[in-house]
Amino acid sequence: MAADPEVAAAYVAAGWWGHDTPTDLIRRNAAERPDDVAYITWSRPSGEADDGLGSIDRTTWAGYDRLSDRVAAALLAAGLERGDRAAVILPDGAAVHAAFTGAEKAGVVVMGIGHRAGPAEIAHLVEKSGARAIITGTHHRGQPAADAVAELRRSLPALAHHITIDGPGQGAAIALDGHPAPTPDSVLEFAEAVEARRLGASELCLLNSTSGTTGLPKCVMQTHNRWFYFHQKAVEYSGLGPDEVFCVPVPAPFGFGLWTAHYSPTILGVPTVVMADFDAAALIRLIEAERVTVLCAVTTQFIMMLNSPVFDNHDLSSLRLMFTGGEAIPEQRAAEFEDRTGCTVLNFYGSNETGMLSGTRLSDPRSARLRTGGRCEPEMDCALYDPDDGHLLPGLRGRGQPACRGPATALGYYDDAKANAELMTDDGRMLMGDIVEIDDDGYLRVVGRTSDFIIRGGKNISAPAVEDEVMTHAAVAMVAAVAAPDPVFGERVAAYVELVPGTSLDLDELREHLAGRGVSREWWPEHLFVVDALPRSSGGKVAKGQLKKDAADRVAEEPAS
């Protein structure tokens, strides 16, 4: 499967797409700078908290190339055909990127699964993709991976092979079905096989899942070229150059993590700091120690950094940029991040499916960068649709559900005609799941998700807007607003909060605070649930589906008033 040849040719002619793949770039980097570092992998020793920097592994460009060759050799030895799928479940580190590239070299499509995915999600994605092999570490979430794979095989007999990578980087040992895997030198005509089989820039190379915040995820079909285009836009908007040091705590299989850890640093030939397990304090220390210039983090992560007691104890002056986005970001916390680090926050708007629909630039005023998702890209052919009946709205101004088609979009969902029909408009654009407003200057602002409005008494209340206001309370470290069912109003606003250590908060205090800010009473939470930690999906975002179910259960247990 690949992009439409005529469309691909037009994008190549326009300079948006090309013919190189990560294999070409890694080989080039390995030849020109073999001993320069490609990945700096941080891991927490034995899964325990650590007061220092933990364990650091440095993988060079030459080591990255060799490790991906060894993965390719194992896949070839397993007998996978070109176009077969291999599931990859590895913690973030050089090894997961080598697995992706090794599969590309072997002509195998990756089914990328987040390392935090649960058994049901893993089984669903392995079955959905039809994976014939699975690549894991020797352990998965503290248990022997072989046991988990054996359990999978009981219900999925097509999953014929298990490849393990024991180690975070270039020194890792690779096994195939419990035995040392053949090396490239021992695979007959390995180099020739790779050249004949490796996947092209416009072909399906990877499947990844939607974030999984509600229900079982769908599989999004990825090509290399969509992320090469995204990289061009990032350079244009932010001035990325050859002296950057990236730091990407976003999970590798997801769109944000792919662009920022698998593609852009490789194109630039610069190092990337990645974390096997997210830890806000360790991330802060890593930025200082490695002199990171570009941080790529979702809202949850940079807020956890701001809330960390060690934030002000470290020199973060090397930071030049933070890329974030994909959701409405809290303006006040983003501004606080800029003020406390001196870096510039750039917000891109899009999804795993659409890639980049709009983005902010260094030249944009701060208010636009922190309050909006920037201006739409002309080549992404953006439009607004009525969220109620789906008809195309005139012009590219006002409120509506955005959609686009262009060089950043995915190939759609894998083997899912129903989901593709819901994703695509009648005129061929790919829909976002958000409601946005585009102002007279062309700046796009997310005002809610189509599934993230709380409808109270017939009035739509934006959950992100409620979250922004609740976040202004000094005791609130993190918040998620969801709908709680109500027999009279249909739904009421429920706020789940993590508190700053040593503080407390009740509903009356919160509502008094919101009243003092002049917030409309309709936005005030009517339920407040304080939790130790908000649940996260495998993509790192708050799992609102779990919270909605929890809110319904809690309300059902409350005595009738």
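Provided above is the structure to which this section pertains.
All values derive from a computational prediction rather than experimental measurement.

Participant: It is not clear to me how the overall build of the protein should be interpreted in this structure. Could you clarify?
Facilitator: Counting secondary structure elements, the protein contains 17 helices and 29 strands. Based on the C-alpha atoms only, the size of the protein along its principal axes is roughly 75 × 55 × 50 Å. The buried share of the protein, taken over its 561 residues, is 58%. A separation of at least 24 residues holds for 70% of the contacts in the protein among residues at least 6 apart in sequence. Surface exposure of the protein reaches about 22100 Å², of which carbon and sulfur atoms provide 50%.

Participant: What is the right way to look at the pairing of strand 4 (residues 109–112) in this model?
Facilitator: Walk down a regular strand and you will see the side chains alternate between the two sheet faces. With burial as the criterion, each face of strand 4 is covered, one bearing Val109 and Met111 and the other bearing Val110 and Gly112. One ladder, built from 4 bridges, connects strand 3 (residues 85–89) with strand 4; its direction is parallel. By the bridge assignment, Ala86 is partnered in strand 4 with Val110. Viewed along the sheet, the connection from strand 3 through helix 4 (residues 94–106) into strand 4 turns out right-handed. In the sheet, strand 4 pairs with strand 11 (residues 206–209) via 3 bridges, with the strands oriented parallel. Within the sheet, the bridge partner assigned to Val110 lies in strand 11 and is Leu206.

Participant: Just to check I follow, could you spell out a negative patch on the surface for this structure?
Facilitator: The grouping of Asp506, Asp508, Glu509 and Glu512 at the surface amounts to a negative patch. You can see Asp506 is positioned in the loop between strand 28 (490–499) and helix 16 (507–516).

Participant: How should I be thinking about helix 7 (residues 190–197) in this particular structure?
Facilitator: Within helix 7 the residues assigned to the buried category are Phe190, Val194 and Arg197. For helix 7, the arc enclosing every buried residue in end-on projection is 85 degrees, short of the 170-degree limit, so these residues lie on one face. Those residues of helix 7 that are buried are in contact with helix 2 (22–32), helix 3 (61–77) and helix 4.

Participant: What is the right way to read the sheet that holds strand 18 (residues 355–359) from this model?
Facilitator: Adjacent strands of a sheet pair through backbone hydrogen bonds, lying either parallel or antiparallel. The strand order across the open sheet formed by 9 strands is 2-1-14-13-15-16-17-18-19, and the pairing between neighbours is mixed. Here the strands that pair on one side only, and so sit at the sheet edges, are strand 2 (55–60) and strand 19 (375–376). Taken together, the 3 bridges between strand 13 (residues 246–248) and strand 14 (residues 272–275) define a ladder with parallel strand orientation. For Phe246, the partnering residue across the bridge sits in strand 14 and is Thr272. Sheet strands in contact with helix 3 are strand 1 (37–43) and strand 2, and its direction is about 85 degrees off that of strand 2.

Participant: Whenever I open this one, the environment of Ala515 confuses me. Can you help?
Facilitator: By the secondary structure assignment, Ala515 is in helix 16. Note: C-alpha distance between Ala515 and Val294 (221 residues apart in sequence) is 38 Å.

Participant: Explanation requested: the packing of aromatic side chains in the structure shown.
Facilitator: The geometry of an aromatic ring pair comes down to the distance between the two centres and the angle between the two planes. The tally for this structure, following the rule as stated, stands at 16 aromatic pairs. Both rings, one in Tyr11 and one in Trp16, keep their centres 5.8 Å apart while their planes meet at 55 degrees; by these two values the pair is tilted. Judged by its relative accessible area of 16%, Tyr11 is buried. Judged by its relative accessible area of 25%, Trp16 falls in the partly exposed class. Here the aromatic rings of Trp227 and Phe230 are separated by 5.6 Å at their centres, their planes lie at 20 degrees, and the arrangement is stacked. Of this pair, Trp227 and Phe230 both sit in helix 8 (residues 224–238), separated by 3 residues, roughly a single helical turn. Per residue, the accessibility class of Trp227 equals that of Phe230, and both read buried. One aromatic cluster in this structure is built from Trp227, Phe230, Tyr237, Phe256, Trp259, Phe323 and Phe348. Sitting over the ring of Tyr413, Lys218 keeps its end group 5.3 Å from the ring centre.

Participant: Quick question: what am I supposed to make of the state of the cysteines here?
Facilitator: In a disulfide, the sulfur atoms of two cysteines are covalently bonded to one another. Tallied over the full model, the rule gives 0 disulfides. No disulfide involves Cys205; its sulfur sits 14 Å from the nearest other cysteine sulfur, which is in Cys219. Among the residues examined, Cys205 registers a relative accessible area of 6% and is labelled buried. Looking at Cys376, it has no disulfide partner, and the nearest cysteine sulfur is the one in Cys382, 3.9 Å off.

Participant: What's the story with the sheet that holds strand 3 in this structure? I'm lost.
Facilitator: Reading across from one edge, 10-9-8-5-3-4-11-12 is the order of the 8 strands in this open sheet, with mixed pairing throughout. Only two strands of the sheet have a single partner each, and these edge strands are strand 10 (179–180) and strand 12 (219–222). On top of the sheet, helix 6 (residues 145–155) reaches strand 5 (133–136) and strand 8 (161–166); it is set at about 160 degrees to strand 8, its chief contact.

Participant: Can you help me understand the packing of helix 3 against helix 7 in this one?
Facilitator: Axis angle and axis distance: for two packed helices, these are the angle between their axes and the distance between the axes, and together they describe the pair. At their nearest, the axes of helix 3 and helix 7 sit 11 Å apart, and the two run at 85 degrees to each other. Between helix 3 and helix 7, the crossing angle belongs to the class labelled roughly perpendicular. Where helix 3 abuts helix 7, its residues Asp69, Ala72, Ala73 and Leu76 lie against Phe190, Ala193 and Arg197. Taken together, the residues that form the contact of helix 3 with helix 7 break down as 5 nonpolar, no polar and 2 charged.

Participant: Would you mind going over the pattern of salt bridges with me for this structure?
Facilitator: Pairs can form between side chains of opposite charge once their charged atoms are near each other. By the definition in use, this model includes 42 salt bridges. Among the ionic pairs, Asp427 bridges to Arg429, the shortest N-O distance being 3.0 Å. Glu467 serves as the salt-bridge partner of Lys544, at 2.6 Å between the closest nitrogen and oxygen. Taken together, the positions of Lys544 in helix 17 (residues 544–557) and Glu467 in helix 15 (residues 463–470) put the pair 77 residues apart, joining distant regions of the chain. You'll find Lys544 and Glu467 in the same group, each marked buried. One network of salt bridges, with partners in common, ties together Asp24, Arg27, Glu104, Glu195 and Arg198.

Participant: Explain the nonpolar core here, please?
Facilitator: One broad trend across soluble globular proteins is that nonpolar side chains are buried collectively. Grouped together as the largest cluster of nonpolar side chains are 88 residues, with contacts concentrated most on Leu75, Ile113, Val126, Ile135, Ile165 and Phe323. For this core, the element with the most residues is helix 3, which contributes 9 residues. Leaving out residues up to four positions away in the same chain, Ile135 has contacts with Val71, Leu75, Ala87, Val88, Ile89, Leu90, Ala99, Ile163 and Ile165. Core analysis: the second largest hydrophobic core is formed by 64 residues, Cys247, Phe337, Tyr496 and Trp524 among them.

Each value, and the rule that gives it
Residues numbered from 1 in each chain as written. Predicted model: local features only at pLDDT ≥ 70, side-chain atom pairs only at ≥ 80, totals over all residues. Heavy atoms only, no water. Helix = DSSP H or I, 4+ residues; strand = E, 2+ residues; numbered from the N terminus. Buried < 20%, exposed > 50% of the residue type's maximum accessible area, 1.4 Å probe, protein only. Contact = heavy atoms within 4.5 Å. Areas by Shrake-Rupley, 256 points an atom, 1.4 Å probe, with all protein chains shown as cover. Pairing = 2+ DSSP bridges. Right-handed = clockwise from strand over helix to strand, strands pointing away. Patch = residues over 30% accessible without salt bridge, like charges linked within 9 Å, V, L, I, M, F, W, Y side chains within 5 Å. Salt bridge = Lys/Arg side-chain N within 4 Å of Asp/Glu carboxyl O. Lys, Arg positive; Asp, Glu negative; His and termini not counted. Charge placed at Lys NZ, Arg CZ, Asp CG, Glu CD. Arc of directions from axis to C-beta. Axes fitted to C-alpha atoms, helices over the stretch in contact; angles between N-to-C directions. Phe/Tyr/Trp six-rings, centres within 6.5 Å; stacked < 30°, edge-to-face > 60°. Lys NZ or Arg CZ within 6 Å of the ring centre and 35° of its normal. Disulfide = S-S within 2.5 Å. Parallel < 35°, antiparallel > 145°, perpendicular 65-115°, else oblique. Nonpolar A, V, L, I, M, F, W, Y, C, P; charged D, E, K, R; others polar. Core = buried A, V, L, I, M, F, W, Y, C linked by side-chain atoms within 4.5 Å.

Shape is all these values report; function is a separate question.
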